Structures are given as C-alpha cells and as structure tokens.
Amino acid sequence: MKKLILILVLLGAMSFSFGQSAPYYTQNIFNKFAINPATAGLTDCPDFKFGHRRQWMGISQTPVTSFFTFNTSFGKEDKNPRAFHGFGARFITDQAGPFSAQSFHLGYAYHLQVNNKYTLSAGAFVGLRNYVYDGGSVVTPVFDPIVNATSSLLIYPEFDPGVYLYSKDDFFGFSVANFIPFKLQTSSDAIGSPSNNVKHYSITYGRIITAKGYYYTFIPSAMVRFTPFGVPSIDLNFMWYIEDNFALGASYRNPLGLSFIAEMRFLQRFRLGYAFDYGAIGPQGAFPFTHEVILSFLACKDKEKLNKKPVCPAYR
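Residues numbered from 1 in each chain as written. Predicted model: local features only at pLDDT ≥ 70, side-chain atom pairs only at ≥ 80, totals over all residues. Heavy atoms only, no water.

What the protein contains, in helices and strands, is three helices and 15 strands. Looking at the protein as a whole, 45% of its 316 residues qualify as buried. Pairs at least 24 residues apart make up 57% of the contacts formed inside the protein by residues separated by at least 6 positions. For the protein, the accessible surface area stands at approximately 16100 Å², while carbon and sulfur atoms represent 67% of it. (Helix = DSSP H or I, 4+ residues; strand = E, 2+ residues; numbered from the N terminus. Buried < 20%, exposed > 50% of the residue type's maximum accessible area, 1.4 Å probe, protein only. Contact = heavy atoms within 4.5 Å. Areas by Shrake-Rupley, 256 points an atom, 1.4 Å probe, with all protein chains shown as cover.)

What follows is the structure, encoded as structure tokens:
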C-alpha cells in the first residue's frame with residue numbers, strides 16, 4: 001500500500017509539473033504581476049514581492065512554489081500622463097517530488113489612456129525555463145537506469161503576453177502562459193515520455209466598490225484559468241479592505257476548494273499577505289491544506305508617492 005501511495009504522489013507531481021506547467025496562486029489581487037505582465041508599472045513605487053506556496057501538508061515531496069517579482073514604472077512625471085511604461089522581472093521555482101523547474105523572465109508593459117475613464121496596457125514576459133528530473137531522489141528496489149537517471153532541459157525563449165484594461169471602478173485582464181510550444185524532450189535526454197507543453201489562459205474581471213469616506217473598499221472578482229480541451233478552473237474572490245491597511249477575503253475554486261485570505265500593511269512600505277486553501281480532495285495521508293505567504297515592499301523615497309492611491313485601485 002505504501003508503494004502504491006508513493007506512485008500516486010509521483011504521478012500527481014508529474015501532472016503538476018508538466019500538465020499544469022503554469023503556477024497557481026490564491027492571492028490574485030495582491031499578486032497580479034506574477035500572472036499578467038501588462039500590470040507592470042501600475043504603482044508609482046518600485047514594487048518587490050517575495051512569495052512561498054506549499055501544497056498538501058502532511059507528506060513529503062508535494063508541490064512547493066517560491067517566487068520573486070519586481071516591477072516599476074517610468075514616464076509618469078506628468079500629473080496626468082496619457083501614456084507611460086512599466087517594466088519588471090520575475091523568478092519562479094517549482095518543486096514537486098523529483099521534478100523541478102526554474103524560470104526567469106523580464107517583463108514590459110505599455111499603458112495608454114483610451115478615454116476619460118479607461119487605460120489599456122499590453123505587455124509580455126520574455127525569458128527562459130529549466131526543467132530538472134532528479135532520478136537520484138527516487139527510491140527503487142533495484143537501480144533503474146531510466147528512473148534513477150538525472151536529466152535537465154533548458155527551454156528558451158519563452159514568451160508570455162498579456163493585456164489589461166482598467167479604471168478606478170473595474171478591471172479586466174487576459175494573459176497566456178507557455179505561448180510558444182515546446183517538447184519536453186531533446187535528442188539525448190527526455191523528461192518523462194515525449195510530450196508538449198500546453199498554453200494556459202487566464203481571464204480576470206473585478207470591480208472596485210468604495211464606501212463613502214473611502215474607509216472601506218470591496219473588490220469582488222473572478223478568474224478563469226483553462227487549457228485547450230481542459231476543464232476550466234474558476235476562482236470567485238471577495239476582498240474587504242479597511243483604509244488600505246488591513247484586508248480580509250475569501251475565495252471559492254471549483255471543485256470544492258475554499259480559501260481564506262488576510263493582508264496587513266505595516267511600516268508604511270511593507271504589506272504581508274497570507275492565504276489558507278482547503279480542498280476536499282488530496283493524496284491519501286495528506287492534509288488537503290495549502291499555505292501561501294507573500295511579502296511586498298514598496299521602495300519609495302517620496303512619502304507622498306508612498307501614500308498615493310495606485311492608478312488602478314485593485315493593484316496593491
């Protein structure tokens with residue numbers, strides 16, 4: 001039975017690493033730039049984020065994601081600029097059993113005011129990704145030259161485009177991960193059986209509801225993520241911000257997934273976000289819990305810019 005459980009966990013890890021080759025995040029409102037490059041530059045301050053996500057507590061070698069993002073803007077010197085630029089970078093590392101992947105991308109976005117209400121931005125991530133299969137970490141009764149071998153595969157260039165339409169009242173985003181197809185195989189090495197990566201599409205819509213006096217802000221939103229011929233993943237999210245210093249939220253993800261989110265701003269420049277996911281389905285012997293922590297730092301020298309509301313109120 002233990003061997004059967006190990007095989008099932010490894011199969012799940014393979015599915016996570018390759019079938020779902022774009023990382024999932026729970027704090028979509030707080031972590032927009034990691035998902036959509038077109039959101040680069042929405043803050044007036046350089047924005048650094050560090051995040052860690054651990055899935056299925058209770059057993060080893062379950063999916064773990066760590067990431068770092070940075071983005072800022074330039075060309076916002078005018079009081080009411082009709083156009084400006086954003087740029088940034090992201091680094092993501094995924095680990096699931098013997099499979100791991102590290103990716104590094106540079107991002108750029110161009111923002112253009114299209115009318116008195118809306119601004120449209122378009123951008124892209126460009127970079128590379130390295131897949132590694134660590135066969136030495138797999139325990140087998142006897143040495144197997146295929147299972148116990150270690151191989152790696154460098155994929156480049158990677159190109160992930162996105163668009164974002166936003167105002168003070170609502171926002172809409174669309175992005176594509178794994179836009180350029182590639183095979184997880186080389187002439188000399190292969191990771192698993194010969195297979196292609198698949199495009200991952202993300203569609204986001206949200207609305208900003210501000211209470212009188214700007215003391216409370218409510219942001220209901222939805223995100224749909226899907227692959228060709230796959231079952232869509234739908235996140236329904238609701239966030240409640242109190243003077244932009246503290247926030248509580250909840251999210252539902254099909255099927256049978258619930259999340260609870262909390263954010264706190266401290267020392268003016270820092271914001272800490274935590275998400276707890278509960279899924280009704282998990283590997284045997286594991287708790288169906290996922291923890292996600294994100295720390296943000298706004299590197300503003302000007303306190304006026306630090307306390308200024310962002311161009312898009314949903315971007316925090």
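For the rest of this paragraph, the subject is the pairing of strand β3 (residues 83-96). Bridge analysis of strand β2 (residues 64-74) against β3 gives 11 bridges, and the strand direction is antiparallel. Bridge pairing in β3 links V64 to Q95. Here 14 bridges tie β3 to strand β4 (residues 99-113), and the two strands are oriented antiparallel to one another. For R90, the partnering residue across the bridge sits in β4 and is H105. As consecutive antiparallel partners, β3 and β4 are separated by two residues, and within that stretch G97 has a phi angle of approximately 65°, a positive value. (Pairing = 2+ DSSP bridges.)

This part covers unusual backbone geometry. Looking along the chain, the bond that leaves Y156 and enters P157 is cis, with omega of -10°. Mapped onto the fold, P157 is located in strand β6 (residues 151-166). Even without glycine at this site, N178 takes up a positive phi of about 60°. Mapped onto the elements of the fold, N178 is located in the loop between β7 (170-177) and β8 (200-207). A relative accessible area of 2% means that N178 is categorised as buried.

What follows deals with the packing of aromatic side chains. One pass over the structure, following the stated rule, counts 23 aromatic pairs. Ring geometry for Y216 versus W240: centroids 5.6 Å apart, planes at 55°, classification tilted. Linking Y216 in strand β10 (residues 216-226) with W240 in strand β11 (residues 233-242), this pair joins segments that are 24 residues apart in sequence. On the accessibility criterion, Y216 (33% relative accessible area) is partly exposed. Pairing F218 with W240 gives two aromatic rings, centres 6.5 Å apart and planes at 10°, and the pair type is stacked. With F218 in strand β10 and W240 in strand β11, the pair connects residues that are 22 residues apart, well separated along the chain. Owing to a relative accessible area of 24%, F218 belongs among the partly exposed residues under this scheme. (Phe/Tyr/Trp six-rings, centres within 6.5 Å; stacked < 30°, edge-to-face > 60°.)

Let us look at the side chain of S221. If you trace the backbone, S221 turns up in strand β10. Here S221 is in contact with I29, F171, Y205, G206, D235, L236 and N237, once residues within four sequence places are set aside.

Turning next to the state of the cysteines. Taken as a whole and assessed by the stated rule, the structure comprises one disulfide. At a sulfur-sulfur separation of 1.4 Å, the disulfide partner of C45 is C300. The sign of the -95° torsion about the S-S bond sets the C45-C300 disulfide as left-handed. Placement of the pair is C45 in the loop between α2 (32-35) and β1 (47-55) and C300 in the loop between β15 (289-298) and α3 (303-307), with a sequence separation of 255 residues. Just as C45 is buried, C300 falls in that class too. (Disulfide = S-S within 2.5 Å.)

Looking now at the pattern of salt bridges. Taken as a whole and judged by the stated rule, the model has 11 salt bridges. Between D244 and R271 there is a salt bridge, with its nearest N and O atoms 3.0 Å apart. In this pair, D244 sits in the loop between β11 and β12 (246-253) while R271 sits in strand β14 (residues 270-279), placing the two residues 27 residues apart along the sequence. By relative accessible area, which is 8% here, R271 ends up buried. Linked by salt bridges that have partners in common, R53, D277 and E292 make up one network. (Salt bridge = Lys/Arg side-chain N within 4 Å of Asp/Glu carboxyl O.)

Now for the pairing of β10. Of the two faces of β10, the one holding T217, I219, S221, M223 and R225 is buried and the one holding Y216, F218, P220, A222, V224 and F226 is not buried anywhere. Note: β8 against β10, six bridges, orientation antiparallel. Paired with G206 across the strands is S221, a residue of β10. Both strand β9 (residues 209-210) and β10 contribute to a ladder of two bridges, which runs antiparallel. When the sheet's bridge partners are listed, T210 is paired in β10 with T217. Between the end of β9 and the start of β10, which pair antiparallel, lie five residues, with G213 showing a positive phi angle near 90°. Taking the residues between adjacent antiparallel strands as the criterion, β10 and β11 are bridged by six residues, where F229 takes a positive phi near 65°.

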